[in-house]
Amino acid sequence: PFGSGNVQETPAEDDNLIVVGVSQVGSESVWRTAHTQSVQDAFTRANGYLLIFDNARQKQANQIKAIRSFISQQVDYIVLSPIEETGWDTVLQEAKDAGIPVILMDRTVEVADDSLYTTWVGSDFIREGQDAGYWLEDYLKEQGRDEDEINIVVLQGTKGATATIGRTRGFNETAKIQHNWNILEQVDGEFTTAKGKEEMARLLEKYEDIDVVVSQNDDMTFGALEAIHAAGKTTGVNGDITVISFDAVDAGVELVRNGEINIDVQCNPDQGKYVEQVIKDMEAGKEVEKAYYVPERVYTQENAGEDEDAAEGISG
Ligand code: AHR
C-alpha cells in the first residue's frame, strides 16, 4: 500500500465498505511510522472500511496527485495529513465539487475558504512550543541561572509544516519575554536524524557556547545527540547542553529517563482512532466540530517513569 502512484483500484465486491483515501506525508520519522500504523489499525475491513493509502514521500505534488486519484475513484472520504499549510485551495475545491468530505489530520491547511475541509484532528503545536518555553524558564530559575545569558539553537522541522510553524511560534512567544535568552540560530533540520546531526555539527563548530538545543522532533534530537557527543560535550541533566525535544516516541522517553534529554513534549501519533470516530459520527448524521485536539503530555525527569496519561478523549 505504500508509495505514490501506487494507489489501488476499488474492488467492486467491497460495496458495503466505507472507502477512505488517506494521503500521508511520508516516512521521515519514527513518529510518522506510528502515525501511519494508527491509521492502518483504525481503517480495517473488520471495522467496515476499505483503506486506500498513499505515501507522498514529502512531496506536495504527490499528495495532490493522490487526492485527484481518490476523487476519480469516488471514495467516500478523503483524509489528508498535509506536508505544508499552503497550496491546497484548488485540489480541495475539486474534492468539494465532487461531494467528497475532506478530513485533515496531524497538520492543517491555510485556505481562503474553510468549508473546503470538514474537520481537523491533530495536535496543538503552538501549545507544545509554549510548554517547552515555560519548562525552560522554570528550569533555569531552579538552577539559579535565570539571570545568566542563555544561548539557544533551534532545529526546526519541515518548512511550512504546521508542526514547525506552531512549535516555533509557541517557543518564540515565551523566549521573547526573557531578556537573557539569545536564539543564536533557527535552522532547518527537516525532521530527520541525518539532517539534525549535520546541522548540529555545523552549529557546534560555529558557536562555542551553546546552552540549550530545542529540537522540534525526536529524530533530529537523536542526530543532534550524536553530533554533540562527537564534539566531546555532554547533554541533559548535569550536562553541558540542555536538550528539549518533541514527539516523545519510546526511544525519546527512554532518553529522558536516562537523563540525556531533559524534556520531551509529546506529539500524540495515535490519531487514526479519532479520525475513524469522526467518520462514524458523520455516517450517523451527527454534527462534527471544526477542530479536535488529541490528548498530549510533557515528559520530564520527574514524571517520565509514570504511566501513560489518563486523558483519552479528544477535545473539540
Ligand atoms: O506533524 C507532526 C510531526 O511530523 C512530528 O513531530 C514529526 O516527527 C513528524 O515528522
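Definitions and cut-offs
- Residues numbered from 1 in each chain as written.
- Predicted model: local features only at pLDDT ≥ 70, side-chain atom pairs only at ≥ 80, totals over all residues.
- UniProt positions renumbered as here; feature names shortened; annotations may be inferred.
- Helix = DSSP H or I, 4+ residues; strand = E, 2+ residues; numbered from the N terminus.
- Rg over C-alpha atoms; globule rule 2.2 N^0.38 Å.
- Buried ≥ 20, exposed ≤ 12 C-beta atoms within 10 Å, placed from the backbone.
- Contact = placed C-beta atoms within 7 Å.
- Core = buried A, V, L, I, M, F, W, Y, C linked by C-beta atoms within 7 Å.
- Pairing = 2+ DSSP bridges.
- Axes fitted to C-alpha atoms, helices over the stretch in contact; angles between N-to-C directions.
- Near = placed C-beta within 6 Å.
- Nonpolar A, V, L, I, M, F, W, Y, C, P; charged D, E, K, R; others polar.
- Parallel < 35°, antiparallel > 145°, perpendicular 65-115°, else oblique.
- Left-handed = near helix turned anticlockwise from the far one by under 90°.
- Arc of directions from axis to C-beta.

As annotated in an unreviewed UniProt entry, the chain carries the name ABC transporter substrate-binding protein and comes from Blautia segnis. A UniProt comment under Subcellular location (unreviewed entry) is attached to the chain, and it reads "Cell envelope".

**Student:** Explain the overall build of the chain to me, please; I cannot follow it from the model alone.
**Tutor:** Each helix and strand counted, the chain has nine helices and twelve strands in total. Computed over C-alpha atoms, the radius of gyration of the chain comes to 21 Å, within 12% of the 20 Å expected from 2.2 N^0.38 for 316 residues, which places it in the range of a compact globule. Dimensions along the principal axes, computed over C-alpha positions, put the chain at roughly 65 × 35 × 35 Å. Taking all 316 residues of the chain together, 48% fall into the buried category. Expressed as a percentage of contacts within the chain between residues at least 6 apart in sequence, the contacts between residues at least 24 apart total 73%.

**Student:** Please clarify how unusual backbone geometry should be interpreted in this entry.
**Tutor:** Most peptide bonds are trans, and most residues other than glycine sit at a negative phi. Phi angles above zero are rare outside glycine, and Phe 191 is one such case at about 65°. Looking at where Phe 191 falls in the secondary structure, it is placed in the loop between β7 (181-188) and α6 (193-206). With 29 C-beta atoms packed within 10 Å, Phe 191 lands in the buried category.

**Student:** I keep staring at the UniProt feature "domain: Periplasmic binding protein" (unreviewed entry) in the chain and nothing clicks. Help me out?
**Tutor:** Under the feature "domain: Periplasmic binding protein" (unreviewed entry), the UniProt entry names residues 22-287. Between the end C-alpha atoms of residues 22-287 there is a gap of 22 Å, over a span that is 43% helix and 20% strand.

**Student:** Please clarify how the nonpolar core should be interpreted in this entry.
**Tutor:** Here is a general trend for soluble globular proteins: nonpolar side chains tend to be buried in one another's company. Of all hydrophobic cores here, the largest spans 44 residues; its most connected members are Ile 78, Val 79, Val 102, Val 121 and Val 275. In contact with Val 121, other than residues within four places in its own chain, are Met 105, Gln 271, Tyr 274, Val 275, Val 278, Tyr 292, Val 294 and Ile 314. Counting residues in hydrophobic clusters, the runner-up holds 40 residues, among them Ala 132, Val 154, Phe 191 and Ala 304.

**Student:** Sorry, what's going on with the sheet that holds β7 here?
**Tutor:** Strand order across the open sheet formed by six strands is β7-β6-β8-β9-β10-β12, with mixed pairing between neighbours. In the strand order of this sheet, the two ends are held by β7 and β12 (298-300), each with one partner. Between one strand axis and the next, the sheet turns through 15° on average, direction left out of account. Taken together, the four bridges between strand β9 (residues 242-247) and strand β10 (residues 263-266) define a ladder with parallel strand orientation. Pairing of Ile 244 across the sheet is with Ile 263, part of β10. Packed onto the sheet, helix α4 (residues 125-142) meets β6 (150-156), β8 (212-215), β9, β10 and β12 and runs at close to 155° relative to β10.

**Student:** Before we go on, may I ask you to explain the site of the ligand in this structure?
**Tutor:** In the vicinity of the ligand, the residues found are Glu 28, Ser 29, Trp 31, Arg 32, Asp 106, Arg 107, Ala 163, Phe 191, Asn 217, Phe 246, Asp 247 and Cys 267. Only α1 (30-42) and β9 provide two or more residues apiece to the shell around the ligand. When grouped by side-chain class, the residues that make up the shell around the ligand number five nonpolar, two polar and five charged.

**Student:** Looking at this structure, how should I read the packing of α6 against helix α7 (residues 218-230)?
**Tutor:** Geometry of a packed helix pair, given as the angle between the helix axes and the separation of the axes. In contact at an axis separation of 7 Å, α6 and α7 are set at 40° when each is read in the N-to-C sense. Classed by the angle they form, the pair α6 and α7 counts as oblique. The two elements α6 and α7 cross, and the hand of that crossing is right-handed. Of α7, the residues touching α6 (which contributes Thr 193, Ala 194, Lys 195, Gly 196, Lys 197, Met 200, Ala 201 and Leu 204) are Asp 219, Met 220, Thr 221, Phe 222, Gly 223, Ala 224, Glu 226, Ala 227 and Ile 228. Its residues assigned to classes, the contact of α6 with α7 shows nine nonpolar, four polar and four charged.

**Student:** Explanation requested: the environment of Phe 171 in the structure shown.
**Tutor:** Take Phe 171: it is sitting in helix α5 (residues 162-175). When the 28 C-beta atoms within 10 Å are taken as the criterion, Phe 171 is described as buried. Considering only alpha carbons, one finds Phe 171 and Asp 131, 40 residues apart in sequence, at a separation of 7.7 Å. For Phe 171, the contacting residues outside a window of four places in its chain are Gly 129, Ala 132, Gly 133 and Val 214.

**Student:** What should I look at first to understand helix α3 (residues 89-97) in this one?
**Tutor:** At 3.6 residues per turn, the α-helix brings residues three or four places apart onto the same side. Considered for burial, the residues of α3 that qualify are Val 91, Leu 92 and Ala 95. Taken down its axis, α3 places every buried residue within 100° of arc, on the same side. Seen from the open side of α3, the exposed residues pointing more than 90 degrees away from its buried face are Thr 90 and Asp 97. Residues of α3 that are buried make contact with α2 (60-72), β3 (77-80) and β4 (102-106). Two residues or fewer past α3, Gly 99 is found with a positive phi of approximately 75°.

**Student:** What is the right way to look at the packing of α1 against helix α9 (residues 272-283) in this model?
**Tutor:** It is the contact of α1 with α9, at a shortest axis distance of 7 Å, that shows an interaxial angle of 40°. Taken together, the axes of α1 and α9 lie oblique to each other. In this structure, α1 contributes Ser 38, Val 39, Asp 41 and Ala 42 to the contact, and α9 contributes Gly 272, Lys 273, Val 275 and Glu 276. The class makeup of the residues in the contact of α1 with α9 is three nonpolar, two polar and three charged.

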